[in-house]
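Structural characterization, general
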Amino acid sequence: MAEPVILANGEVKDGFIVEGMQALRSGARACDVAEQIARAVEDDPEEHTVGYGGFPNLLGEVELDASIMDGDTLHVGAVAGLKGFRHPISVARQVMVRLPHVLLVGEGAARFAEEIGAERRDMLSPEAAAAWRACMAQIGTAGSLSERVWRARQVGYGHDTMNVIVRDAHGSLCAAVTTSGVAWKYPGRVGDSPLIGAGNYCDSRYGAAACMGLGEAAIRLAAAAQVVTLLRVGWPLDAAGREVARQLAQLLGVSAAEDPMRQVDWARVLVMDADGAVGGFATRPGLHYKVQRAQDPIPYLREACFVDPS
Ligand code: ASP
């Protein structure tokens, strides 16, 4: 028997991880537990960057991205820009189970969610709507949306994601990622979370990686796939995580004059290898992750290893 392990970002509430570990101890499978934890976070109104309560786009619409990857089969399901459904992660999983596709976007994703009877919900919480109104009042209505999206960046914007990687008693891995993306984004903007290889990659033979932070950086580096590829070719977990975090730090550190996509921002990668060893690697200090092993009564909070660009 393999040792069950759950790795999640530091913002995921302990109770959600503890419940997931209870399920794993009773023999639940990695994908079921990853989906269960993601659903709990999607319902949490205090989490302003995932599911209900997530910050909306420039038009005040909450657009949700999610993906799930089964490390045993390399089966994948993802949705991007999904509006009006309570559990994007479950819609993503059903894309994996029911369709000959891996990713649905926007109206197509909503049509599929409707077709499978996924629960509808107005995902804009009163707090998130108030934050959006405050930002819009600051940036004004002058100019095109493309101009306003840059002004909104200057006002300040939040972003975050739920990352969870689960190893079950069979040694199977599953990685799930769900987010409302970057606050006040241009409508239709898709981050790294639903893009397999960018924000999520999982192969039970080698390991899994999930990303958080400025998605554009993880997309440009195929960050999650890179980590798992390095594990596949024999790199130790620590070296693989540091290498990809270093590349993210270099990209995020490029000056605005050289690269107009540059943001003063951060990224973090969570990694689990096939044996259940874990690590977190970040481009700024003070970012955390949580890990719970089968014998642990509660998850432990650990600081991600800060990696600078050099
Ligand atoms: N990676 C997410 C995105 O870019 C946001 C985040 O994790 O902060 O959509």
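The structure reproduced in this document is the subject of the present report. (Residues numbered from 1 in each chain as written. Predicted model: local features only at pLDDT ≥ 70, side-chain atom pairs only at ≥ 80, totals over all residues. Heavy atoms only, no water.)

As summarised here, the arrangement of the 5 strands in space is β7-β8-β9-β10-β13, forming an open sheet in which the pairing is mixed. The open sheet has two free edges, formed respectively by β7 (200–203) and β13 (305–306), since each of these has just one partner strand. Pairing of strand β9 (residues 267–273) with strand β10 (residues 278–282) involves 5 bridges; the strand directions are antiparallel. Its bridge partner being in β10, Leu 270 is matched across the sheet by Gly 280. In the packing of helix α8 (residues 223–232) onto the sheet, the strands contacted are β7, β8 (207–213) and β9, and the crossing angle to β8 comes to about 150°. The strands touched by helix α9 (residues 237–253) within the sheet are β9, β10 and β13, with β10 carrying the most contacts at an inclination of about 15°. (Pairing = 2+ DSSP bridges. Helix = DSSP H or I, 4+ residues; strand = E, 2+ residues; numbered from the N terminus. Contact = heavy atoms within 4.5 Å. Axes fitted to C-alpha atoms, helices over the stretch in contact; angles between N-to-C directions.)

Let's shift gears to helix α5 (residues 126–139). Between the first and last C-alpha of α5 there are 20 Å, a value that for 14 residues agrees with the 20 Å anticipated at 1.5 Å per step. Within the span of α5, buried status applies to Ala 128, Ala 129, Cys 135, Met 136 and Ile 139. Viewed end-on, α5 has its buried residues packed into an arc of 125°, placing them on one side of the element. Residues of α5 that are exposed and point over 90 degrees away from its buried face: Pro 126, Arg 133, Ala 137 and Gln 138. Here the buried face of α5 lies against α6 (145–155). (Expected span 1.5 Å × (residues − 1). Buried < 20%, exposed > 50% of the residue type's maximum accessible area, 1.4 Å probe, protein only. Arc of directions from axis to C-beta.)

Turning to its location among the elements, Ala 109 is positioned in helix α4 (residues 106–115). Residues Ala 109 and Leu 64, spaced 45 residues apart in sequence, show a C-alpha to C-alpha distance of 10 Å. Discounting residues that sit within four places of it in the chain, Ala 109 has contacts with Val 79, Leu 82, Val 91 and Leu 104.

We now examine the pairing of β9. Burial runs high along β9: 7 of the 7 residues are buried. Residue alternation in β9 divides its side chains into two sets, Ala 267, Val 269, Val 271 and Asp 273 and Arg 268, Leu 270 and Met 272, and both sets are buried. Bridge count between β8 and β9: 7 bridges; the pairing is antiparallel. From the neighbouring strand, Ala 210 faces β9, where its bridge partner is Leu 270. Linking two consecutive strands that pair antiparallel, namely β9 and β10, is a turn of 4 residues; a positive phi of about 90° is found at Gly 276 within it.

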